[in-house]
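In case you want the letters, here they are:
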Amino acid sequence: MNQSDIELQINNLRNQLHQHNHNYYVLNTPVISDIEFDGLMQQLIDLELSNPQFNDPNSPTQRVGSDINKEFKQVKHVYPMLSLGNTYNEGEIADFYTRVSKNIESPFEIVCELKYDGTAIGLTYENGELVRAVTRGDGEMGDDVTANVKTIKSIPLKLKGNYPTSFEIRGEIFLPHKGFEKLNNDREEAGDTPFANPRNAAAGSLKMQNSALVAKRPLDCFLYYLLGSELPEITHYDNLNLARTWGFKIPEHIKICQTINEVYDFINHWNEARHSLPFDIDGIVLKVNNLEQQRRLGFTAKSPRWAISYKFKAEQGYTQLLSVSYQVGRTGAITPVANLDAVQLAGTTVRRASLHNSDIINNLNLHHNDMVYVEKGGEIIPKIVGVDETARQANATKIQFPTTCPECATDLIRIDGEVAHYCPNTNHCPPQVKGRIEHYIARKGMNIDGLGSETIDTLYQTGMVKDVADLYQLHPMQLISLERLGDKSANNILAGIEASKHIPFARVIFALGIRYVGETVAKKLTQAFPTIDKLMGASIEELMEVDEIGDRIAMSVKAFFEDNENLALIDRLRKAGLQMQVIEDKTITKTNKLNAQTFVVSGTFASFSRDELKSIIENNGGKNVSGVSAKTNYLVAGEKTGPSKLASAEKLGVKIISEQEFIGLIE
Ligand code: IVH
């Protein structure tokens, strides 16, 4: 190869790697596997090493990656936080074995551990107390996230037993599958974007500014590496076992191997068994057990010579692309979805794969009817990771992202700095309108039970409900006339609609579905602007003065309240009797309307928590009792009221009233 060919090849590799980094770190949607990425990186490293004349300080090889966030205090690691070299097959593990044996020339043991797929943390303990928790950062400096880490229950704040005076222990913070699913469900209900995978969720949680919110995330932590100048034991394995007695969560799945075949067995076992673990792992870590042997092997600039990781292959499927459909979300974002010829992957049948956005389709150079490779990586929805261009049909045409909305034919737009295309026809594009109604009635919004997405669809199709204000005009007969809906469900829906009039202002603002206004932002906004008129009149600058509200949210709120159709909608909601200001409502207003009558509150309610209801009772002169007796005046029965309470009330002739009827008593 001549000089200009080499330069061309180097530049080509750099461009590709920059793009893949962007896909992975920015778009969160890698289009090649880790193995392929590492392969390209290795090619570039080799070329740069033998051709130093083409060095570039901004080459992807110079980027170690950093998770530094300027909001946290920066701390220098006492021992640099290195990463591990990766291997992908038995041959590369054998190479590691050979290197180790050549270097230490004596028998050695290898400890095999699981490679947890979370975010690395270094914990420093002094005199048995946790003094600092630092993220990896760039390996030299990391973020001091002690306050957040202290919220993780499995991390001991004080140690027990006979621990060294000063040491560091490193491990991985992660979210188990169950916690991840719950977190994402909550986020979707609150109108926030769900996390792509548990790893991102764990890393994102650790970087939150408010540790009280971190405490609500079910994070966990395994510890796998003890560091210090005077460690109690002479092997890694014994040190970890001892650290377990000090209170650390040391993984159970760890094995000392005397031979390379035992290592292969461990890998092969976990390659299958990993699917039944309650958390994600992405490989196996091999460590030389003896610390003196570790010291002799030492480190390269990036990683220890005494340890290596083996990365599992993501299971891949090979199948044909049948078509691409484009879904329009509540916010108008267009998501392309690939429809595939059914293929078995990691125990499930895959028929669809997310394509995320038009950049991904272009980077894949996806054509109609292409044969594609699908992978189930850390993400829940499988993704297309590559295209078999050799199998492409001769006359196949490229997949073109639509220029108009597939639902309402409006020209699509792209917002600066965002990868998604949007349909701007917010108020009249059917899936956006229906999506907003669904969001409005959801549990964390107006909590109107009984209205599923099918009923909303019918109400919308028949023209009965074209926006959320129409809900308040619904007549019982209209609902009953709908197919599949009996009297009982219709009444239930109407009761929910009625009860929504008591839902606090902050939830009304959240339920409106203003872009970027999730539950927390809605609360902050209504605290700062306690009436709808104040909120509607707030300028961008005034909005931005509110804690945690930046220009993106402020502009979205302003734009929402500048839209005439939205103003008309709010006017109708106001007339329907919704809460359009913060009121210290009946929980605070003291009356004697309930005149010393006794109440038992049971079940769950649409507009209040049980405790809220009880304080309303007290503040209006009533008395709460826990059990139904002959002296009880009322049983306020919500959903899922205890059957024994209902039975006793019926037997003793205690009046059973609904939430609505209760509200009637105090109004
Ligand atoms: S030991 C000097 N053990 O993998 C080596 N790391 O690519 C210290 N990881 O940054 C790391 N499970 O975040 C070690 N059992 C394990 C691990 C593990 C996951 C992560 C860790 C590290 C990365 C290395």
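Cut-offs used in this document
Residues numbered from 1 in each chain as written. Predicted model: local features only at pLDDT ≥ 70, side-chain atom pairs only at ≥ 80, totals over all residues. Heavy atoms only, no water. Near = heavy atom within 4 Å. Polar contact = N/O pair within 3.5 Å; in protein donor to acceptor, adjacent residues only side chain to side chain. Areas by Shrake-Rupley, 256 points an atom, 1.4 Å probe, with all protein chains shown as cover. Helix = DSSP H or I, 4+ residues; strand = E, 2+ residues; numbered from the N terminus. Nonpolar A, V, L, I, M, F, W, Y, C, P; charged D, E, K, R; others polar. Pairing = 2+ DSSP bridges. Salt bridge = Lys/Arg side-chain N within 4 Å of Asp/Glu carboxyl O. Buried < 20%, exposed > 50% of the residue type's maximum accessible area, 1.4 Å probe, protein only. Axes fitted to C-alpha atoms, helices over the stretch in contact; angles between N-to-C directions. Parallel < 35°, antiparallel > 145°, perpendicular 65-115°, else oblique. Left-handed = near helix turned anticlockwise from the far one by under 90°. Contact = heavy atoms within 4.5 Å. 1 Å grid on protein atoms, 1.4 Å probe; cavity = no way out; pocket = protein on both sides within 12 Å on 5 of 7 lines; lining within 4 Å. Points joined across faces, edges and corners; volume = space filled by probe spheres on them. Core = buried A, V, L, I, M, F, W, Y, C linked by side-chain atoms within 4.5 Å.

To continue, consider the site of the ligand. Taken together, 13 residues lie near the ligand, and E113, L114, E172, Y224 and K287 sit nearest. Backbone polar atom of L84 to an oxygen atom of the ligand: 3.3 Å apart, as the coordinates give it. One nitrogen or oxygen atom from the main chain of L114 is found 3.0 Å from a nitrogen atom belonging to the ligand. Expressed as a share of its isolated accessible area of 520 Å², the protein-covered part of the ligand is 90%. Breaking the shell around the ligand down by element, the ones donating at least two residues are β3 (110-116), β8 (220-227) and β10 (281-288). Grouping the constituent residues of the shell around the ligand by class yields eight nonpolar, one polar and four charged.

Moving on, we come to the sheet that holds strand β9 (residues 254-257). On the basis of which strands lie adjacent, the open sheet formed by five strands has the order β2-β11-β10-β3-β9 and mixed pairing. The outermost strands of the open sheet, each flanked by one partner alone, are β2 (86-87) and β9. In this sheet, β10 lies alongside β3 in antiparallel orientation, the contact comprising seven bridges. Residue pairing in the sheet places C112 in a bridge with L286 of β10.

All chains considered together, the criterion is met by 22 salt bridges. A salt bridge links K76 to E140; the shortest N-O distance between them is 3.4 Å. Taken together, the residues K76 in strand β1 (residues 74-76) and E140 in the loop between β5 (129-135) and β6 (141-143) connect sequence positions 64 residues apart. Judged by relative accessible area, K76 falls into the exposed class, the value being 56%.

This part takes up the packing of helix α3 (residues 90-104) against helix α9 (residues 260-273). It is at 11 Å that the axes of α3 and α9 come closest, and there the two elements cross at 140°. Overall, the two elements α3 and α9 adopt an arrangement that is oblique. The element α3 and its partner α9 pack so that their crossing is right-handed. Together, E90, I93, A94 and Y97 of α3 and I260, V263, Y264, I267 and N268 of α9 make up the contact between the two elements. Across the contact of α3 with α9, the residue classes break down as seven nonpolar, one polar and one charged.

Quick look at the pairing of β8 now. Of all eight residues in β8, seven are buried, a share of seventy percent or more. As paired strands, strand β7 (residues 166-174) and β8 are joined by seven bridges and run antiparallel to one another. When the bridges of β8 are listed, R170 appears paired with Y225.

Taken as a whole, the second largest pocket encloses approximately 1500 Å³ of empty space. Lining the second largest pocket are 48 residues, and of these N447, F605, A606, S607 and F608 lie nearest its centre. Secondary structure elements with two or more residues in the lining of the second largest pocket: α15 (487-499), α16 (505-511), α17 (519-528), α22 (585-588), α23 (610-619) and α25 (659-666). When residues in the lining of the second largest pocket are grouped by element, the largest group, seven residues, is from α15. In terms of residue class, the lining of the second largest pocket is made up of 18 nonpolar, 17 polar and 13 charged.

Before going further, it helps to spend a moment on the nonpolar core. If you look at the biggest cluster of nonpolar residues, it comprises 56 residues, and the most contacted ones within it are Y440, L471 and L573. Elements with a contribution of two residues or more to this core: α12 (430-441), α13 (453-461), α15, α16, α17, α18 (532-537), α20 (551-562) and α21 (564-576). With sequence-adjacent residues up to four places away left out, Y440 is seen in contact with G445, M446, N447, I448, V468, L471, Y472, A511, L573 and L578.

Here the focus is the sheet that holds strand β22 (residues 655-657). Strand order across the open sheet formed by four strands is β20-β19-β21-β22, with parallel pairing between neighbours. The outermost strands of the open sheet, each flanked by one partner alone, are β20 (623-624) and β22. In the sheet, strand β21 (residues 634-637) pairs with β22 via three bridges, with the strands oriented parallel. Across the sheet, L635 pairs through a bridge with I656, a residue of β22.

Let us now look at the environment of A506. Tracing the backbone shows A506 in helix α16. For the pair A506 and E129, spaced 377 residues apart in sequence, the C-alpha separation works out to 41 Å. Each residue touching A506, except ones within four places of it in the same chain, is listed here: A522, K523 and T526.

As far as function goes, none of this settles anything; it's purely spatial.
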